[in-house]
Amino acid sequence: QVHVVESGGGLVQPGGSLRLSCAASGFIFSMYAMAWYRQAPGKERELVATITGGGSTYYADSVKGRFTISRDNAKNTVYQQMNSLKPEDTAVYYCKAARGSVTYWGQGTQVTVSS
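These numbers come from a predicted model, not from an experiment.

*Asks:* Describe the overall build of the protein, and please don't skip the residues or the numbers.
*Replies:* Of the regular secondary structure elements, the protein holds zero helices and eleven strands. The linear arrangement of helices and strands in the protein, starting from the amino end, is β-β-β-β-β-β-β-β-β-β-β. Relative to a compact globule of 115 residues, whose C-alpha radius of gyration would be 13 Å, the protein shows 13 Å and is just as compact. Dimensions of the protein along its principal axes, counting C-alpha atoms only, are 40 × 25 × 25 Å. Across the 115 residues of the protein, 41% fall into the buried class. Each charge sign in the protein was given a centre, from 11 positive and 7 negative side chains, and these centres are 5 Å apart.

*Asks:* Can you break down the pattern of salt bridges residue by residue, with the values?
*Replies:* For the structure shown, the criterion picks out four salt bridges. The closest approach of N and O atoms between Asp89 and Arg38, which form a salt bridge, is 2.9 Å. Here Asp89, found in the loop between strand 8 (77-82) and strand 9 (91-99), pairs with Arg38, found in strand 4 (residues 33-39); they are 51 residues apart in sequence, far enough to count as distant. By relative accessible area, Asp89 is classed as buried at 1%. One network of salt bridges, with partners in common, ties together Arg38, Glu46, Arg66 and Asp89.

*Asks:* Tell me about the packing of aromatic side chains, and please be specific about residues and values.
*Replies:* Counting across every chain of the model gives five aromatic pairs. Joined through ring pairs, the aromatic side chains of Phe27, Tyr32 and Tyr104 make up one cluster. Against the face of Phe29 rests Arg71, its NZ or CZ located 4.5 Å from the ring centre.

Basis of the calculations
Residues numbered from 1 in each chain as written. Predicted model: local features only at pLDDT ≥ 70, side-chain atom pairs only at ≥ 80, totals over all residues. Heavy atoms only, no water. Helix = DSSP H or I, 4+ residues; strand = E, 2+ residues; numbered from the N terminus. Rg over C-alpha atoms; globule rule 2.2 N^0.38 Å. Buried < 20%, exposed > 50% of the residue type's maximum accessible area, 1.4 Å probe, protein only. Lys, Arg positive; Asp, Glu negative; His and termini not counted. Charge placed at Lys NZ, Arg CZ, Asp CG, Glu CD. Salt bridge = Lys/Arg side-chain N within 4 Å of Asp/Glu carboxyl O. Phe/Tyr/Trp six-rings, centres within 6.5 Å; stacked < 30°, edge-to-face > 60°. Lys NZ or Arg CZ within 6 Å of the ring centre and 35° of its normal.

Limitation: the analysis is restricted to geometry and does not speak to function.
Here's what the structure looks like:
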């Protein structure tokens, strides 16, 4: 049975940091590209960052230089370190695993950036 579970969200002040984690099981983690998406209220879900099984990364322009995606294949976990957070980063953050046409999504974790 596949499980993709995000954690680490919360309330943080502007300029602060959070580290999201996504723990996966039920599939061969190292063979899947992993990604973080986010969805703000009233907006479409958008891609934030991706990392391949080999560690190649991609970032949306809006988070480049502030967010860092990483993975630990031994722990079947992907992370997203988020620094210099802005109110516009407020959203539900989702983790996705993808290999070809197969995708698995987590349930999301809320990140709120507010003073």
